[in-house]
Amino acid sequence: VSQSRYGPAGGFHEVAMAYNCVDGRVAVLYDGSDDVKQAFKSAHGEDWITGSCDYLLFKDGKLFVDDLKTGALFDKDPAAMAQNYFYSLCGNKLFPSQNEVDATVTLWPKYPIENLPERIPGEISQSLLSKFEELLVRTYKKYKTNPMTLRLGSECDYCPIASFNKCDLIRNQEKNV
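Remember, predicted model here, so these are calculated numbers, not experimental data.

(A) View of the overall build of the chain. Along the backbone of the chain there are 5 helices and 7 strands. Sorting the 177 residues of the chain into buried and exposed places 36% on the buried side. Within the chain, residue pairs in contact and separated by at least 24 positions form 64% of the contacts whose partners lie at least 6 positions apart. On the chain, roughly 10,900 Å² of surface is accessible, and the fraction owed to carbon and sulfur atoms is 53%.

(B) Region of interest: the environment of Ala 43. Looking at where Ala 43 falls in the secondary structure, it is placed in the loop between α1 (34–42) and β3 (48–59). C-alpha separation for the pair Ala 43 and Ala 18, spaced 25 residues apart in sequence, amounts to 10.0 Å.

(C) Spatial organisation of helix α2 (residues 82–94). Here α2 spans 18 Å end to end across 13 residues, near enough to the 18 Å set by a 1.5 Å rise per residue. For α2, every residue scored as buried is listed here: Asn 84, Tyr 85, Phe 86, Tyr 87, Ser 88, Leu 89, Cys 90, Gly 91 and Asn 92.

(D) Geometry of the nonpolar core. Core analysis: the largest hydrophobic core is formed by 21 residues, its most contacted members being Met 17, Tyr 19, Cys 53, Leu 56, Val 65 and Phe 86. Contributions of two or more residues to this core are made by β1 (12–20), β3, β4 (62–70), α2, β5 (101–108) and α3 (126–145). The contact partners of Phe 86, leaving out residues within four places of it in the chain, are Met 17, Tyr 19, Ile 49, Thr 50, Gly 51 and Phe 132.

(E) A look at the packing of aromatic side chains. For the coordinates displayed, the defined rule picks out 5 aromatic pairs. Ring geometry for Tyr 85 and Phe 132: centres 5.3 Å apart, planes at 40°, overall tilted. Here the residue Tyr 85 occupies a position in helix α2, and Phe 132 occupies one in helix α3, the gap between them amounting to 47 residues. The exposure classification of Tyr 85 matches that of Phe 132, with both residues buried.

(F) A look at the pairing of strand β2 (residues 26–29). As paired strands, β1 and β2 are joined by 4 bridges and run antiparallel to one another. In the sheet register, Ala 18 faces β2, and the bridge partner there is Ala 27.

(G) Representation of unusual backbone geometry. The backbone of Glu 14 shows a phi angle near 50°, a positive value even though the residue is not glycine. Structurally, Glu 14 can be placed in strand β1. If you check the backbone angles, Asp 60 has positive phi at about 55° while not being a glycine. Within the secondary structure layout, Asp 60 lies in the loop between β3 and β4.

(H) The pattern of salt bridges, seen in detail. Per the counting criterion, the structure on display carries 7 salt bridges. Connected through salt bridges with shared partners, the residues Lys 62, Asp 102 and Glu 123 form a single ionic network.

(I) Structural context of the environment of Phe 64. Relative to the helices and strands, Phe 64 is located in strand β4. Note: C-alpha distance between Phe 64 and Ala 103 (39 residues apart in sequence) is 6.1 Å.

(J) Fine view of the side chain of Ser 52. Position of Ser 52 relative to the elements: it lies in strand β3. Since its relative accessible area comes to 18%, Ser 52 is described here as buried. Here the side chain of Ser 52 touches Lys 41 through a polar contact of 3.0 Å, side chain to side chain. The residues touching Ser 52, leaving out its near neighbours within four places in the chain, are Glu 14, Val 15, Ala 16, Lys 41 and Tyr 87.

Calculation notes
- Residues numbered from 1 in each chain as written.
- Predicted model: local features only at pLDDT ≥ 70, side-chain atom pairs only at ≥ 80, totals over all residues.
- Heavy atoms only, no water.
- Helix = DSSP H or I, 4+ residues; strand = E, 2+ residues; numbered from the N terminus.
- Buried < 20%, exposed > 50% of the residue type's maximum accessible area, 1.4 Å probe, protein only.
- Contact = heavy atoms within 4.5 Å.
- Areas by Shrake-Rupley, 256 points an atom, 1.4 Å probe, with all protein chains shown as cover.
- Expected span 1.5 Å × (residues − 1).
- Core = buried A, V, L, I, M, F, W, Y, C linked by side-chain atoms within 4.5 Å.
- Phe/Tyr/Trp six-rings, centres within 6.5 Å; stacked < 30°, edge-to-face > 60°.
- Pairing = 2+ DSSP bridges.
- Salt bridge = Lys/Arg side-chain N within 4 Å of Asp/Glu carboxyl O.
- Polar contact = N/O pair within 3.5 Å; in protein donor to acceptor, adjacent residues only side chain to side chain.

Structure (structure tokens):
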């Protein structure tokens with residue numbers, strides 16, 4: 001499968017990102033093993049939101065982010081996904097631009113491959129990125145003044161904080177067993 005068919009070449013794959021809800025700083029880790037990237041994300045405290053962008057490129061004044069969905073059933077507009085907004089916001093802070101962000105999703109079938117991968121296009125305006133950042137900060141402030149009560153659930157199996165045993169819920173449960 002030709003990369004050129006699925007967007008611009010170059011860029012970075014699996015970029016760990018962190019956004020600070022207090023001051024808007026962004027931290028990134030471009031290289032490293034999965035364990036190193038998980039440790040990077042876990043090292044950021046509760047003022048930070050973290051994630052991993054599947055593909056990030058800034059070229060000719062334009063930011064390009066892509067979320068890879070391997071074998072997933074998918075029917076959302078890439079420009080309506082909070083995940084792509086987050087990657088676009090972080091990328092735009094790293095590579096400031098007034099242009100719209102190309103925020104796409106690539107559907108990659110599982111092997112044995114029956115269909116070719118498909119890229120679903122989307123664009124996010126600077127205005128919408130600003131509104132998204134305002135929403136993040138507003139939600140963070142609401143959380144800080146009225147903390148949520150967290151409960152253990154099956155989703156904890158996928159949480160990087162739980163996997164590094166930094167979650168108070170997990171630690172408290174282990175003490176009570």
